[in-house]
Amino acid sequence: MARITVSIGSNIERDRHVRACLDALATTFGSLAISRVFESEPVGFEDGRNFYNLVVAFDSDWPVGELQAWCKRLEFANGRRKGVPKFSPRTLDIDLLTVGDLTGTYDEVELPRDEILKHAFVLKPLAELLPDARHPLTGKTYHAHWREFEAGQQRLWPVDFVWQERCISAKD
């Protein structure tokens, strides 16, 4: 079994799609560790709708290609469309961040995902969820990476979020 981390984002019907994603992950993979939910301003998007972002960790023995395919099927089941520009609004975006300590390309998926160290909306929830876990390439903890991160214009803030009748996220 490997510890899998995924980032989840949505800027169309955010509450509904994030809940649907968490439901599907829990049904398929069982117990989930879930970060707080953050609202963030879009990075690189012309449409100004803010995102909800979070990171989820779970254990699985699925191969990388099967994990990736499952995530893409879930995106499309939640209304994600093919053939739209990269920086278009999205109902659901699920990205594999890490699969255990794997590094390199597996089934056309680069691990760990480079966005971990580039975007506050990925690194902050990951650092809060797994502060002592180490980035497979740098060997530094995610907490250390977050302390050193220059957020610049990447603003994000925690929001109240309830899933399955429990608060998984609250404002500071």
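Since this is a predicted model, take the numbers as computed values, not measurements. (Residues numbered from 1 in each chain as written. Predicted model: local features only at pLDDT ≥ 70, side-chain atom pairs only at ≥ 80, totals over all residues. Heavy atoms only, no water.)

Draft legend 1. Broad picture of unusual backbone geometry. A cis geometry characterises the amide bond from Leu111 onward to Pro112, with omega recorded as -10°. Positive phi, normally seen in glycine, also occurs at Glu13, with a value near 45°. Residue placement: Glu13 occurs in the loop between β1 (2–10) and α1 (14–29). Owing to a relative accessible area of 49%, Glu13 belongs among the partly exposed residues under this scheme. Positive phi, normally seen in glycine, also occurs at Glu165, with a value near 65°. (Helix = DSSP H or I, 4+ residues; strand = E, 2+ residues; numbered from the N terminus. Buried < 20%, exposed > 50% of the residue type's maximum accessible area, 1.4 Å probe, protein only.)

Draft legend 2. Molecular detail of the pairing of strand β10 (residues 166–169). Where strand β9 (residues 161–163) lies against β10, three bridges are found, and the strand directions are antiparallel. If you follow Trp163 over to β10, its bridge partner there is Arg166. (Pairing = 2+ DSSP bridges.)

Draft legend 3. Broad picture of helix α2 (residues 64–77). The end-to-end C-alpha distance of α2, which contains 14 residues, comes to 20 Å, matching closely the 20 Å that a straight helix rising 1.5 Å per residue would cover. For α2, the full list of buried residues reads Val64, Leu67, Trp70, Cys71, Leu74 and Glu75. What you see down the axis of α2 is that its buried residues fit within an arc of 140°, all on one side. Turned more than 90 degrees away from the buried face of α2 sit Arg73 and Ala77, all of them exposed. On the buried face of α2, the contacting elements are β1, α1, β4 (51–60), β5 (93–99), β6 (104–106) and β7 (109–111). (Expected span 1.5 Å × (residues − 1). Arc of directions from axis to C-beta. Contact = heavy atoms within 4.5 Å.)

Draft legend 4. Spatial organisation of α1. Its 16 residues place the ends of α1 22 Å apart at the C-alpha level, agreeing with the 22 Å of an ideal helix rising 1.5 Å per residue. When α1 is considered as a whole, its buried residues turn out to be His17, Val18, Cys21, Leu22, Ala24, Leu25 and Phe29. Buried residues of α1, viewed axially, fall in a sector of 160°; they line one side. Directly after α1, the chain includes Gly30, whose backbone phi takes a positive value near 85°.

Draft legend 5. How the structure looks around the nonpolar core. Within the largest apolar cluster, 31 residues are counted, with the highest numbers of intra-cluster contacts made by Val6, Ile8, Leu22, Leu25, Val56 and Phe58. The set of elements that each furnish at least two residues to this core consists of β1, α1, β4, α2, β5, β7 and β9. With six residues, α1 is the largest single contributor of residues to this core. Counting residues in each nonpolar core, the second largest holds 16 residues, with Phe38, Ile116, Ala120 and Leu130 among its members. (Core = buried A, V, L, I, M, F, W, Y, C linked by side-chain atoms within 4.5 Å.)

Draft legend 6. Structural detail: the pairing of β1. In terms of burial, β1 is largely enclosed, as seven of its nine residues are buried. By the bridge criterion, nine bridges tie β1 to β4 in an arrangement that is antiparallel. Note on β4: the bridge partner recorded for Ser7 is Val55. For β1 and β5, the ladder comprises six bridges, and the chain directions are antiparallel.

Draft legend 7. Inspection of the side chain of Asp95 at higher detail. Topologically, Asp95 is positioned in strand β5. Overall, Asp95 belongs to the buried group, its relative accessible area being 7%. Not counting the four nearest positions on each side in its chain, Asp95 is found in contact with Thr5, Val6, Ser7, Lys72, Arg113 and Glu115.

Draft legend 8. Spotlight on the pattern of salt bridges. Under the criterion given, the structure shown has 13 salt bridges. Residues Glu13 and Arg16 are paired through a salt bridge, measuring 2.8 Å at the closest nitrogen-oxygen approach. The partner of Glu39 in a salt bridge is Arg14, and the shortest N-O contact between them spans 3.2 Å. Of this pair, Glu39 sits in strand β3 (residues 38–40) while Arg14 sits in helix α1, and the two are 25 residues apart along the sequence. With a relative accessible area of 14%, Glu39 lands in the buried category. Shared partners join several salt bridges into a network, and the residues in it are Arg36, Lys124 and Glu128. (Salt bridge = Lys/Arg side-chain N within 4 Å of Asp/Glu carboxyl O.)

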